[in-house]
Structures are given as C-alpha cells and as structure tokens.
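Notes for the structure review
Listed here are the chains, written in short residue letters.
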Amino acid sequence: MSRPLRIGHLYPDAMNIYGDVGNVRTLVQRARWRGIDVEVLAIGPGPAELAEYDLLFMGGGQDRDQSRIFGDFTEHKGSAMEHALEDGVAVLAVCGGYQLLGESYVDADGHELTGLGLLDLRSSAGHDRWIGNVVIEADASLQLQPRTVVGFENHGGRTRLGAGLHPLGRVVVGGGNNGEDGGEGVVRGRLIGTYLHGSLLPKNPHLADWLLATALAHRDAAGLVAALSPLDDSVEMAAHSRALELAMAERGRRAVPLRGRGAPAADGRRGWLPYNPHP
Amino acid sequence: MSPDLRLRSAVLAGKAAATASRMLRRGGGTTIPGDVALAVDPRALGKLAAGLPGGVVLVTGTNGKTTTAGLITTALRSNGEQVLNNSSGANLLFGLCAAAVADADGAGRMRSRLAVFEVDELWLEQAVAELRPRVVVLLNLLRDQLDRSGELETTAAQVGRALRRLPPHAAIVANVDDPLVTAQCLDLPGLVPVGIDADDFLLPGLPHAADARACPRCGTALLFERVVLAHCGTYACPTGDFVRPQPATAVTAIGAPAIDALRLQLSDGAVVSAAVGGVYNAYNVLAAYAAVRALGIDPTRAAAGIGGFRPRFGRQERLRLFGREMRFLLAKNPAGFDEVLRTADELGDAAAYLIAINDRIADGRDVSWLWDVDFERLARSRRRPKVVAAGSRAHDLAVRLKYAGVDQQRVTVETDPERALRRLATTGDPASEAVVVPTYTAMLELRRVAERSGAASAFWSEPVGTPS
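Everything numeric in this text was worked out from a predicted model, so none of it was measured.

Each value, and the rule that gives it
Residues numbered from 1 in each chain as written. Chains lettered and ligands numbered in written order. Predicted model: local features only at pLDDT ≥ 70, side-chain atom pairs only at ≥ 80, totals over all residues. Heavy atoms only, no water. Domains from an automatic or database assignment. Contact = heavy atoms within 4.5 Å. Buried area = accessible area lost by both parts, 1.4 Å probe. Salt bridge = Lys/Arg side-chain N within 4 Å of Asp/Glu carboxyl O. Polar contact = N/O pair within 3.5 Å; in protein donor to acceptor, adjacent residues only side chain to side chain. Nonpolar A, V, L, I, M, F, W, Y, C, P; charged D, E, K, R; others polar. Buried < 20%, exposed > 50% of the residue type's maximum accessible area, 1.4 Å probe, protein only. Helix = DSSP H or I, 4+ residues; strand = E, 2+ residues; numbered from the N terminus. Pairing = 2+ DSSP bridges. Axes fitted to C-alpha atoms, helices over the stretch in contact; angles between N-to-C directions. Expected span 1.5 Å × (residues − 1). Phe/Tyr/Trp six-rings, centres within 6.5 Å; stacked < 30°, edge-to-face > 60°. Lys NZ or Arg CZ within 6 Å of the ring centre and 35° of its normal. Arc of directions from axis to C-beta. Disulfide = S-S within 2.5 Å. Core = buried A, V, L, I, M, F, W, Y, C linked by side-chain atoms within 4.5 Å.

Right, let's talk about the domain arrangement of chain B for a bit. Residue and element names in this part refer to chain B. Domain boundaries assigned for chain B yield domain 1 (5–306) and domain 2 (315–452). Taking only C-alpha atoms, the centre of domain 1 and the centre of domain 2 are 26 Å apart. In this complex, domain 1 contributes 31 residues to the contact, which on the side of domain 2 involves 27 residues. Buried surface at the junction of domain 1 and domain 2, both sides included, amounts to about 2,200 Å², of which 52% is carbon and sulfur. The tally of links from domain 1 across to domain 2 stands at two salt bridges. With its nearest N and O atoms 2.9 Å apart, the salt bridge here joins Asp372 to Arg143. In this assembly, domain 1 and domain 2 are joined by ten residue pairs in polar contact (both at pLDDT 80 or more). Broken down by class, the residue content of the side of domain 1 that touches domain 2 amounts to 16 nonpolar, ten polar and five charged.

This brings us to the pattern of salt bridges. Any two side chains of opposite charge can pair if their charged atoms end up close together. Counted under the stated rule, the structure contains 51 salt bridges over all chains. Between Asp41 of chain B and Lys47 of chain B there is a salt bridge, with its nearest N and O atoms 2.7 Å apart. A relative accessible area of 28% means that Lys47 of chain B is categorised as partly exposed. Arg327 of chain B serves as the salt-bridge partner of Asp260 of chain B, at 3.1 Å between the closest nitrogen and oxygen. Remark: Arg327 of chain B occurs in strand β13 (residues 324–329) and Asp260 of chain B occurs in the loop between β9 (249–258) and β10 (261–266); sequence separation between them is 67 residues. The class of Arg327 of chain B is buried, set by a relative accessible area of 3%. A single salt-bridge network, built from bridges that share partners, covers Arg30, Arg34, Asp209, Asp233 and Glu236 of chain A together with Lys402 of chain B.

Residue and element names in this part refer to chain B. On the basis of which strands lie adjacent, the open sheet formed by nine strands has the order β2-β3-β1-β4-β5-β6-β9-β10-β11 and mixed pairing. A single partner strand is all that each edge strand has here, and the edge strands are β2 (83–85) and β11 (271–274). Each strand of the sheet is rotated relative to its neighbour by a mean of 20°, with strand direction disregarded. Looking at chain direction, strand β1 (residues 56–60) and strand β4 (residues 135–138) are connected through four bridges and run parallel. Bridge pairing links Leu58 to Val136 in β4.

This next bit is on helix α1 (residues 21–32) of chain A. Under the 1.5 Å per step criterion, the end-to-end length of α1 of chain A is 17 Å for twelve residues, consistent within 8% with the ideal 16 Å. Buried residues dominate α1 of chain A, accounting for ten of its twelve residues.

Okay, the packing of aromatic side chains next. With the rule as written, the count across this model stands at nine aromatic pairs over all chains. Here the aromatic rings of Phe224 of chain B and Tyr235 of chain B are separated by 5.7 Å at their centres, their planes lie at 55°, and the arrangement is tilted. Pair noted here: Phe224 of chain B is in strand β7 (residues 223–229) and Tyr235 of chain B is in strand β8 (residues 232–236), with a separation of eleven residues, a long-range link. Aromatic ring contacts, followed pair by pair, group Trp33 of chain A together with Trp371 and Tyr403 of chain B into a single cluster. Positioned above the aromatic ring of Trp130 of chain A, the side-chain terminus of Arg158 of chain A is 3.7 Å from the ring centre.

Looking at helix α2 (residues 32–40) of chain B, one finds that the buried residues are Pro33, Gly34, Ala37 and Leu38 of chain B. Mapping the buried residues of α2 of chain B onto a view down its axis gives an arc of 125°, with all of them on the same face.

Turning our attention to the state of the cysteines. Two cysteines form a disulfide when their sulfur atoms are joined by a covalent bond. On inspection of all chains with the given rule, the structure shows zero disulfides over all chains. Looking at the unpaired Cys185 of chain B, the closest cysteine sulfur is the one in Cys232 of chain B, lying at 12 Å.

Counting 64 residues, the largest nonpolar core has Leu56, Phe73, Met81, Leu101 and Leu211 of chain A as the members making the most contacts within it. Those residues in contact with Leu101 of chain A, other than ones at most four positions away along the chain, are Phe73, Met81, Ala93, Leu116, Gly117, Leu118, Leu119 and Leu191 of chain A. Of all hydrophobic cores here, the second largest spans 51 residues; its members include Val57, Leu142, Leu262 and Ala270 of chain B.

With that out of the way, let us pick up unusual backbone geometry. Cis geometry marks the peptide bond from Gln145 of chain A to Pro146 of chain A, where omega comes out at 0°. Assignment of secondary structure puts Pro146 of chain A in the loop between β7 (121–138) and β8 (148–161). The phi dihedral of Gln316 of chain B falls on the positive side, at around 60°, and the residue is not glycine. Not every positive phi belongs to a glycine, and Phe322 of chain B is a case in point at roughly 50°. Within the secondary structure layout, Phe322 of chain B lies in the loop between β12 (315–321) and β13.

Below you can see the structure in the form of structure tokens.
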C-alpha cells in the first residue's frame, strides 16, 4: 500500500489572491475520484524539506504579502526547491511564484530583486497591466488533448525565457510572458510556471491530470509517467469551451479602459482589457 | 449670492441630458446627466451640495452601501427631513452629480435639505474634497473585483487618505470590527466606532474569504476572540500594538427570527428592528443608526425611522415571478456570497437557488473569486438544495459546485435569464420561497425579466430626490 499523494501548498495564507485554492481543490478532488489517497500540507515560513512532497503549488499574493514571502522563499527554500526539482517533484508556480523561480525581477523603480535562479528566465515590471481572458496552445511535449488551455491573466510583469527554455504554450488570446515572443509561461521537466491564475486547473482538467500523473510518478519513484484512469469531464470541458468562446470573441477587439472616464485605479495603474498583441 | 451662470448651464444641460436619455430609452439616466453637468462645470457637484443646509452624509465600504444609505435616508425622511439619495446605486462622482442635478431647480437651488450619498471606495477622496461631508460611514473593506479595483491594501490606503482630508467637525462612523477599517481611522478625531459585541451568530474561525489576518502595524497574525463574518470580529494583535477599539455603540444581542428580519439590542439601550436579514445586515443597521444619531436624531426616533425601511432593487427584494415567490439577494464578492448563502441556508432554509454569475466589467471580468466562496455550504446543507446555474459564466459555477461536492443531479445550467427564472419557478417545493443570488449585471438582467412580466418596476422609475 503506497503512502498518500502529498501536495505542498506554499504560503497558503498569503499567496491565495486569485482563487488559487481552486487549483489545489481540483487536484485533490481529481485524485480522490480515482481512489487515490491525497493529503495537502501547508508550507509556511522557515526551513522546509520540499523533496518529501509529490507536488508543490504556489500562487500569487498582494504586493505587501508577496514581498514578505519572497524574503523567506529565497532565504529558506532555495536549495530545498532545487533538491525537489532534481528529485522529480511536480511544480505549479503561478504569477509571483513563477517570477521568483527565475534569475531576477526588476521592479518599476529599477530595483533588481534576486530570484531563486532555478530557471533561466528574467522578469521586469511593464508599463501597464494586462488583465483579461487568455487562450494558449500548450507545448506539444505535454501531449494535452485538446491542446488549448484557457485562463485569466492579471499582471504587470514581463518575463523573458532563456534560450534553452520552452514556454508552457503559444498565446492565442492575451498578453502572455511579454507580448512579443508569443509565449506564455514555462514548462521544464515536471515544472510549470504561468501567469494564468486562480481557476486555471478547474477549467483545464487535462492540465490538472498532467500534474497529477507526474506527481504520482514521483511518489512511486517511477521513471515513466503512467496514464490516469479517465473521469467524466463533461462539466469541466463545457466550461473550457465556454471560456474559449468568450475569449475568442474578444480577440482583436479594441482595448477598453477598465474603470472608464479617467477614474482612478486603486494603484494608479492603467487598466486595459483585453490586451491582444497578436490580432 | 450672485447667480453662477456656469452652474446654471451645467444643471440645465444635465437635465436636458436626463430627458433625452429617458426618451431614447437609454436607461434611467442615472449617470449621463452627471457626466454632462460636470463637463460644463467641473465643480457642479460641490456647488450644488453647498446649497444643502443639512449637509452631506457619505456611505462607503465594499459591501452594504446601498442598503445602509437607504436605511439612513428612510430614517431621516420619517423624521421629516427632505433627503436626496442616489438610490439607483450609481455611486461614482457622475452618479452623485446626476442625483444632485435631478434635485436642483433650473437656477441650481436644491429642493432637498440634506443628501445621503453612497460612494465607491475609490471615489471617496474626490467626493470628500467636493462635498465636505458632515458624516462619513465606513462599513468594511473586503476583497472585491481585483481586476477592477486593484488590491485591497491599496484601496484601504486610499480610503485612509480620504478620511484624513475630512473637515474637522465631520463624524466618521466606522465598523471597527474590520481591522482594515480600524487601521484607516484609529487616530482620527471624529471617529465614532461601532461594532458587534453579540455572540449570537459567530463563525467557528476565520473563513477562507477573510483577508485582513495580519496586524496592520507589525504583520503578526491577529487573534480573534469573535469572528462575525469575513475578517470582521473582535481581535487583537498578540504583540499588543493593535487592538479593536471599544465601540461607542455596539450590538449586544442579535435576534434574527427570519431571512428578512432583524431585532438588534444596542449598548445604549435602544432596540432596532429592521426588515432586512442576516448578520451582514446587522452591521448595516448598526452603522445607519449611529449615522442618524450623529445627525442629532434621538434614539427612539432613529430606531423607529430605520424600522420603516423596505428592501429594494435586488437587495433582499421579494418578487413573485412565474408563479413563485422569489427573494433576490445580490452578492458581488466572496464575503458577500458567503453571507448571503449563510443567511438563505440558516435563516431561510432555502431549498432552491438560482445563482447567476456574469463577467462584465461591473461584475469583474475575472471569475476566479468563485473559488474563494464557501459553496461547500450547499453540499453540507441539510436541505440538499437544487441550484440553477445561470449567467454568462454559468459553466464556471457548475464546475465550482461540482468540486464543492454538490451532487450533479441537483445542478442545472441555464444561461438565458428568463429560462433560468422559469426553471427556478418549478424547482423544488412550489410553496417554498426560492432564492436568487446574482452578481450585479446578472441582477439587472434578471430584474429586466421581472420588469417585462410586470412583477417589478424599473429602478429609475422610483422617485429620485423627493421624499417618499
């Protein structure tokens, strides 16, 4: 009898701004519906052994919380994270978590924050914030069926991947990593980084299952990732199709100011949607 | 006073725009006249408000603005005041100005003596600068539409800046059960702290939708002695640098005999009954009472006045549609949804729901917040309720309900508003009341169906700026 599948949720109290808990709930339910025993453990500040987990998840947070968390992450989790990746732990890092895995982040004032340096990617603050529905076509290596992944982005950061890295997918609708090279997120081995937040996995059950299958391979110390038993995903795929339909209808439409008529956005940012650099 | 020609032109242009808007059936003209008037005279709102001898009350916060402003307005009117209120819920500066233009005569003189305006949190600073209010009511600061409003901390800081710009004699009626609210006004001279000291309806701990978990001063996790809803309750920082202030007026006992009734015992001895239900409305009633008291009305008359309020426009409004009694409970964000579902389930014993999720700009384009709502309640409920999932994001809701553990046999997806209402009308026991929980624009769509069928009047046909 194998031990329960172990999911580590990094900083769940602070890094849960966009319904990120939905990703974890989706993984848990899809494991349970298949009779796979699963446990979720919160990983807070301080030193932690991360290779003990089969899957690590980190969401995004409010700026204030995020800066506090970043300090702890770089101080206490760097080598543990590196060890976990070498050990084959599956990772889903969203927004802030995604940026932090890279070499650096340059903020709006030009200050450079050092990341964990686990991935050859660099991020910086952009001039505006991209907010809107996103559709990407996932990297072929993931073998997703269908290949579309739908989500929502809300970020001011721009990320550039080093030459050896593949984006998670090619942007069909939305901004993505930087609006120029057409990539969104990153996939390297069993790690996925992305700007698509909150309800990413519920409407992309194929991607959720990719993560679950890789996590199971880690638990069972299996070199190969075995296929999972199929579930009835008609409700999930109806939502996937609907999101696809709504996003495609926005494709190429002129950007609309969010609060209208010069209204003050809370943080002085310009809110435009939907941004589409590839009409 | 010399006649201000610019203001006169602004008022006349605004009134003409209102007439045109109605004739063209472009809606109720709840903001367009304000747009036009402010284009002619950017200071029009401030100038008109200066003509109100009784001054201005501003009501702000994430949830409860419309209901609280309605409670205050009703209480003041029953005490003989001529009150202007932006009752349509248009709460940006343009909406406030449109209501003022409707109240003014052609010369820019106000018919009302006093204004009660609800105002969007992000517009509070401008509204304070223009209107120099006598009383500001700050209800709560909760997570809401991140894609539109930005982060909660930023909104809170902006509200704090607005409060520090208030004239020295202004009263700040603040719900100090919310740590974020307290942090914005703790040291301000006009603070009238209000809160709930009752143990009647407490949550076992901080719910997922709670945001202000850490001390605003030092970041240490706050300790909660009571959690009333979201992150509102009685709290203290264990380091001792931040404590919930003692309320000047507190609710000491909550009687909630039904989904649409409250009976509050207050610390000053008053008993306030109101035709709104749920713990979240206890905060609204308490704040309204304190605001009315701050305007000099005595406790008995304040309580009696609040008792005359009737819910309206999608906020606990009751309509008969397609042969079924339906109660509309507007909800816009995780905390609001949690409380509405809690009220419908625990006080209303509801067995049939229509939940409508739209993703327009006014609702928030991003629906990831559905995952922050405690829909698990519907799976736990002993009534095993049936749900019609509606709105442009009905499918997202259906997924959320599936993962919450709600039996799929109990969920129907219906994106068309009229068909969704018809479906609800025949769902569950036809003699029981059905509950409609819509986001803002979904509420407008569903209510339009009700208007077409004659069950409800259009909100703009309600009188604006005249006492009822």
